[in-house]
Amino acid sequence: MARPDQPPEHGPEAGRGGPEGLYGLTTELVGAVRAALTESDGDRVRALVAPLHEADVADLVERFRAGERRRLVAVAHDVLSSDVLPHVEDEIREELIAEIGAERAAEAIADMESDDAVAVLEDLDDPQRKEILDAISSEERVGVAESLTYPEDSAGRLMQRELVSLPAFWTVGQTIDHMREAGGDMPDDFYEIYVIDPHHRPIGRIPLHRLLRTRRPVRLRDIMATDLKAIPAETDQEEVGHVFDQYDLVSAPVIGETGRLIGVITVDDVVDVIQEEAEEDILRLSGVKEPDIYRAALRTATGRFTWLLVNLGTAILASLVIYQFDGTIDQMVALAVLMPIVASMGGNAGTQTMTVAVRAIATRDLTTSNVLRVLWKEVLVGGINGIVFAILIGVAAAAWYDNIALGIVIGAAMIINMLVAGSFGLVIPAALWRLKIDPATAAGVLLTTVTDVVGFLAFLGLAGMLLV
């Protein structure tokens, strides 16, 4: 059995015994590396980290405290290779790059593929980015700097410039010989060869498996597929993810304004985009702009303050509605006990509809052609659930307070609020989407306001008319 301070075993048995073994990063290993850092034993750190995948090394670094990361840079900075840095969370990466210095950071970035280099540099502040770019050779700098001129979260930022593009008159034999002779100038991973016209515009693609199965004298034009999904460099990365998902792509060419082939996007990068976009929607539904688990407490609090302030305003609005019925509540205390139930049920039902609607908008399942049909369905769902829960809470309230009229009032208010929740849970995201506002950002606050106000107004208004 390996001791806790030994590197993890790799091979068929390494992945057994749970997720930690599968992913190569165990609690024992983290403790062993931490102990080696405490002793400033750089050789031991390297020996422990060497068998790990670069993504596991990034996870390992993220588990350390700031002081331990500084010690890691001091005793074994070479652990932070060009393969590791792209996997590290943005906040920690900025800290690490500041620690290793511009010269070492430039060396690491020069070894990366262009898409990884852009991903690392785009999150740095301008002075730090400029310092690193100035330290990179002019040949490496030109392509990376050009990619950084494209809008954030666009295909131009996502693409890598390393690709294989050849003219249609070349033969399969010439192509294979060219790729063998190119050696280090070839991309590390690629799945297709792109066929271009004399103006360097893509006109076809050839999957590698088709190339390898074809005889050497055959020309590329005779085996290329022409069903290209060329993506303009300005395209938003969310749209790129949709195209890959819709057409089951493994790679796609990226073109500039004139239609020239300037890069390629591969499926591994799109997986990251899909996860990032889904994560972004989830965070925005909660009023959080971006992941902040590695941020300082003060910065985290500042980032969350805005939406909490908005929520305070909407809560005050709901309180003003309640205030209008303070006399009614004074005469019947049961109303104060029961009214949160109506607002809470409406809020939860609306959130269910809103979450489905936001996701449907992102996946293009909700469109202007089917929005009315979906709206009618959600109103119907709200009505059905409203009737069921109206009976449940109405019977319970009537029995609890021995007041049948009170049960009828809360039941009627429940139906009204569930109908409103179902309809506005769809209408609000759809309206924001038509106004070109991200529905994940503002829909939650608006929906909560509507269901709270309508819930209190319906319940207390009916009570004022029928009970008091």
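Residues numbered from 1 in each chain as written. Predicted model: local features only at pLDDT ≥ 70, side-chain atom pairs only at ≥ 80, totals over all residues. Heavy atoms only, no water.

**A closer look at the environment of Ile196**
Okay, so step 1: Note that Ile196 resides in strand E2 (residues 192-196).
Okay, so step 2: For the pair Ile196 and Ala168, spaced 28 residues apart in the sequence, the C-alpha separation amounts to 6.6 Å.
Okay, so step 3: In this structure Ile196 touches Ser165, Leu166, Pro167, Ala168, Arg201, Pro202, Ile203 and Leu261, once residues within four positions along its chain are discounted. (Helix = DSSP H or I, 4+ residues; strand = E, 2+ residues; numbered from the N terminus. Contact = heavy atoms within 4.5 Å.)

**So, the pairing of strand E5 (residues 251-255)**
For a regular strand, side chains alternate in direction, first toward one face of the sheet and then toward the other.
Okay, so step 1: Buried residues dominate E5, accounting for five of its five residues.
Okay, so step 2: Burial of E5 is two-sided: the residues Ser251, Pro253 and Ile255 facing one way and the residues Ala252 and Val254 facing the other way are all buried.
Okay, so step 3: Where strand E4 (residues 231-232) and E5 come together, two bridges link them in parallel fashion. Paired with Ile231 across the bridge in E5 is Val254.
Okay, so step 4: Bridge count for E5 against strand E6 (residues 261-266) is five bridges, and the pairing is antiparallel. Within E6, the residue paired with Val254 across the bridge is Gly263.
Okay, so step 5: What sits between the antiparallel neighbours E5 and E6 is a turn of five residues, in which Gly259 has the positive phi angle 90°. (Buried < 20%, exposed > 50% of the residue type's maximum accessible area, 1.4 Å probe, protein only. Pairing = 2+ DSSP bridges.)

**Observations regarding a nonpolar patch on the surface**
Okay, so step 1: A cluster of nonpolar side chains, namely Phe305, Leu309, Leu312, Ile316, Leu317 and Leu320, defines an oily patch on the protein surface of about 570 Å² accessible area.
Okay, so step 2: Among the secondary structure elements, Leu309 is positioned in helix H15 (residues 297-323). (Patch = residues over 30% accessible without salt bridge, like charges linked within 9 Å, V, L, I, M, F, W, Y side chains within 5 Å. Areas by Shrake-Rupley, 256 points an atom, 1.4 Å probe, with all protein chains shown as cover. Salt bridge = Lys/Arg side-chain N within 4 Å of Asp/Glu carboxyl O.)

**Section: the side chain of Glu113**
Okay, so step 1: As for its position among the elements, Glu113 is in the loop between helix H6 (90-110) and helix H7 (114-121).
Okay, so step 2: The residues touching Glu113, leaving out its near neighbours within four places in the chain, are Gln160, Glu162, Pro187, Asp188 and Asp189.

**Notes on the sheet that holds E2**
Okay, so step 1: Taken in spatial order, the three strands make up an open sheet running E1-E2-E3, and their pairing is mixed. This sheet does not close on itself; its edge strands, each paired only once, are strand E1 (165-167) and strand E3 (202-207). The sheet shows a mean angle of 35° between the axes of neighbouring strands, taken without regard to direction.
Okay, so step 2: Summarising the sheet, E1 and E2 pair through three bridges and their orientation is parallel. (Axes fitted to C-alpha atoms, helices over the stretch in contact; angles between N-to-C directions.)

**Here's the deal with the packing of aromatic side chains**
Okay, so step 1: Following the criterion strictly, the structure yields one aromatic pair and no others.
Okay, so step 2: For the cation-ring pair, Lys229 lies above Tyr247, with the distance from its terminal atom to the ring centre recorded as 4.1 Å. (Phe/Tyr/Trp six-rings, centres within 6.5 Å; stacked < 30°, edge-to-face > 60°. Lys NZ or Arg CZ within 6 Å of the ring centre and 35° of its normal.)

**Comments concerning the confidence of the model for the protein**
Okay, so step 1: The predicted model of the protein averages 85 in pLDDT, with 90% of residues at 70 or higher.
Okay, so step 2: Counting interchain partners and residues more than four positions distant, the pLDDT-below-50 stretch residues 1-19 has 25 contacts. (pLDDT = per-residue confidence, 0-100.)

**Brief notes about the sheet that holds E5**
Okay, so step 1: Taken in spatial order, the three strands of this open sheet run E4-E5-E6, and their pairing is mixed. Looking at strand neighbours, the two that pair on one side only are E4 and E6, the edges of this open sheet.
Okay, so step 2: Helix H13 (residues 237-247) contacts E4, E5 and E6 of the sheet and is inclined by roughly 65° relative to E6.

**Structural notes on the side chain of Arg157**
Okay, so step 1: Inspection of the secondary structure assignment puts Arg157 in helix H10 (residues 155-158).
Okay, so step 2: Here the side chain of Arg157 touches Leu148 through a polar contact of 3.1 Å, landing on its backbone oxygen.
Okay, so step 3: A polar atom in the side chain of Arg157 sits 2.9 Å from the backbone oxygen of Tyr150.
Okay, so step 4: Contact partners of Arg157, with chain neighbours within four places excluded, come to Val118, Glu122, Ser147, Leu148, Tyr150, Pro151 and Glu152. (Polar contact = N/O pair within 3.5 Å; in protein donor to acceptor, adjacent residues only side chain to side chain.)

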